[in-house]
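# Architecture and fold: a report
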Amino acid sequence: MKNLIQRAITGVLFVGAIVGSVFLGKIAFASLFFWVTVLTQWELYTLINTKGSAQINRQFATLASAFLYLSTLLWNQVSAQIGIICLAVYVLFCFGIVIYELFRKDGNPLHNWAYFFLGQIYVVVPFSMLNILNHSFEPEFLLALFVLIWTYDSGAYLFGVTLGKHRLFERISPKKSWEGAIGGFLAACVAALIFAHFSSSLSVFGWIGFAALVVVFGTFGDLAESLLKRTFNIKDSGNILPGHGGMLDRFDSLLFATPVILIYLAILIGENCFI
């Protein structure tokens, strides 16, 4: 009972912070996800150093992540020139990581390089794309991305618990079922239809396509993080969110869904997302 109350309180605060930042504007949202990016990256590199076959300088690598995040933010919302300068600093950090391994004499320098760049691509790039999405399109799409992920997760859990019999991907995540995935998809479609009712930015079929991409790639993101945890032999990626685990546990679906949704909207609406 205590854990259930803890989960509920954390969940309400978590959802409130994200939804509130979307409505408060681009600066509020970008500021919130700057810290989400830093904390998630620190969590990932801590896991790698503790459970993996690499030893990464977490402070240096996380600082590099901050510059990559800021470069996309500044490029879109402040000045392309300032964004380029910030990106140049990030490139110097990347060279620094590579050069550092030359002098470090570690047993697995290639592992250190690989895990460093994995973190940049896996965590920072998708979070940076959220700012591009927020800058280039109406905020309703950003809100819809989160709402559809949460709706899918809730629907998948409820349908999976009550009807789940056929395993979706037993080798990676034994508890996930096809019944849960289908139920979650139906729940996401209902949420998409609600967005379609109040928004004219996309057609009904456009919103259903939006939901389908969130469900498919969000599921792959969830499974990818499950594979990561299974590889490291852990239950949760961290404990920063009481009752909910770590940052990666909460944002795994978002990491895969965001780039796909950005491309989808760019094709459908025809916006140039990088100007």
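Residues numbered from 1 in each chain as written. Predicted model: local features only at pLDDT ≥ 70, side-chain atom pairs only at ≥ 80, totals over all residues. Heavy atoms only, no water.

### Some thoughts on the overall build of the protein chain
The condition is simple: Under the DSSP-based scheme used, a helix requires at least four consecutive residues in state H or I and a strand at least two consecutive residues in state E, with every element numbered from the N terminus. In this setup the radius of gyration rests on C-alpha atoms only. A globule is expected at 2.2 Å times the number of residues raised to 0.38. By definition in these notes, contact holds between two residues if any of their heavy atoms fall within 4.5 Å. Where accessible areas are quoted, they stem from the Shrake-Rupley method and a 1.4 Å probe; at the residue level, only the protein chains shown are allowed to cover. By the counting scheme adopted, Arg and Lys are positive, Glu and Asp are negative, and His together with the chain ends is not counted. For the purpose of locating charges, the reference atoms are NZ of Lys, CZ of Arg, CG of Asp and CD of Glu.
A count of helical and extended segments in the protein chain gives 9 helices and 2 strands. Against the 2.2 N^0.38 benchmark of 19 Å for 275 residues, the protein chain shows a C-alpha radius of gyration of 19 Å, consistent with a compact globule. Here the C-alpha coordinates of the protein chain stretch approximately 55 × 45 × 35 Å along the principal axes. The contacts of the protein chain with a sequence gap of at least 6 include a subset with a gap of at least 24, amounting to 69%. With an accessible surface of roughly 14000 Å², the protein chain has 71% of that area assigned to carbon and sulfur atoms. For the protein chain, the distance from the average site of its 16 positive side-chain charges to the average site of its 14 negative ones is 9 Å.

### Regarding the pairing of strand β2 (residues 173–177)
Basically, it comes down to this: Should DSSP find at least two bridges between two strands, the strands are taken to pair.
One ladder, built from 2 bridges, connects strand β1 (residues 167–169) with β2; its direction is antiparallel. Residue pairing in the sheet places Arg167 in a bridge with Ser177 of β2. Joining the antiparallel neighbours β1 and β2 is a turn of 3 residues.

### Some remarks on the environment of Ser136
Among the structural elements, Ser136 can be located in helix α5 (residues 109–136). Sequence spacing of Ser136 and Phe210 is 74 residues, and the spatial spacing of their C-alpha atoms is 16 Å.

### Comments concerning a nonpolar patch on the surface
Heads up, the rule is: A patch is a set of surface residues, each over 30% in relative accessible area and not in a salt bridge, joined within 9 Å for like charges and within 5 Å for the nonpolar side chains Val, Leu, Ile, Met, Phe, Trp and Tyr. Should a side-chain nitrogen of Lys or Arg be within 4 Å of a carboxyl oxygen of Asp or Glu, the pair is scored as a salt bridge.
Taken together, the side chains of Leu87, Val91, Leu92, Phe95, Ile99, Leu102 and Phe103 present a nonpolar region at the surface, about 740 Å² in accessible area. With respect to the helices and strands, the residue Ile99 is situated in helix α4 (residues 80–104).

### Some words on the nonpolar core
Basically, it comes down to this: In this description, a nonpolar core means a group of buried Ala, Val, Leu, Ile, Met, Phe, Trp, Tyr and Cys residues linked to one another through side-chain atoms lying within 4.5 Å. Burial classification: accessible surface area is computed with a 1.4 Å probe over protein chains only, and a residue below 20% of its type maximum counts as buried, one above 50% as exposed, and the rest as partly exposed.
Among the nonpolar cores identified, the biggest contains 70 residues, and Phe33, Phe127, Leu145 and Phe210 are the most heavily contacted of them. What Phe33 contacts, discounting residues up to four positions off in sequence, is Ile18, Tyr69, Phe127, Leu130, Phe146, Phe251 and Leu254.

### A word on helix α9 (residues 247–269)
Put simply, the rule reads: One less than the residue count of a helix, multiplied by 1.5 Å, gives the span that helix is expected to have. Bend at a given residue is defined as the angle between two axes, one fitted to the seven residues that end at that position and one fitted to the seven that begin there.
If you check α9, its first and last C-alpha atoms are 32 Å apart, about what 23 residues at 1.5 Å a residue would give, namely 33 Å. Along α9, the sharpest kink reaches roughly 35°, centred on Ala257 and followed within four residues by the proline Pro259.

### Points about unusual backbone geometry
With phi around 60°, Asn233 is a residue other than glycine that occupies positive phi space. By the element assignment, Asn233 lies in the loop between α8 (204–232) and α9. Residue Asn233 is classed as exposed on the basis of its relative accessible area, which comes to 68%.

### Re the pattern of salt bridges
Inspection of every chain in the model, using the stated rule, returns 3 salt bridges. The closest approach of N and O atoms between Asp222 and Lys176, which form a salt bridge, is 3.4 Å. Pair noted here: Asp222 is in helix α8 and Lys176 is in strand β2, with a separation of 46 residues, a long-range link. What makes Lys176 partly exposed here is its relative accessible area of 24%. When salt bridges with common partners are traced through the structure, they connect Glu225, Lys229 and Asp249 into a single cluster.

### Considerations on the environment of Asp222
Classification of Asp222 as buried rests on a relative accessible area of 15%. The sequence separation of Asp222 and Arg250 amounts to 28 residues, and the corresponding C-alpha distance is 9.4 Å.

### Structural notes on the side chain of Thr37
As for its placement among the helices and strands, Thr37 is situated in helix α2 (residues 26–51). The buried category is assigned to Thr37, whose relative accessible area is 1%. Beyond its immediate chain neighbours, meaning those up to four positions away, Thr37 contacts Tyr69, Val123, Val124 and Phe127.

### Looking at the packing of aromatic side chains
Two aromatic rings, taken as a pair, are described by how far apart their centres are and by the angle between their planes. Our working definition: Here is the rule: rings of Phe, Tyr and Trp (six-membered ring for Trp) pair when centre to centre is within 6.5 Å. Planes less than 30 degrees apart are stacked, more than 60 are edge-to-face, and the remainder are tilted.
The final tally for this structure, using the stated rule, is 22 aromatic pairs. Taking 5.8 Å as the distance between ring centres and 40° as the angle between the ring planes, the aromatic pair formed by Phe146 and Trp150 counts as tilted. With Phe146 and Trp150 both in helix α6 (residues 139–163) and 4 residues apart, this pair spans about one turn of that helix. Using a relative accessible area of 4% as the deciding quantity, one classes Phe146 as buried. One aromatic cluster in this structure is built from Phe14, Phe29, Phe33, Phe127, Phe146, Trp150 and Phe251.

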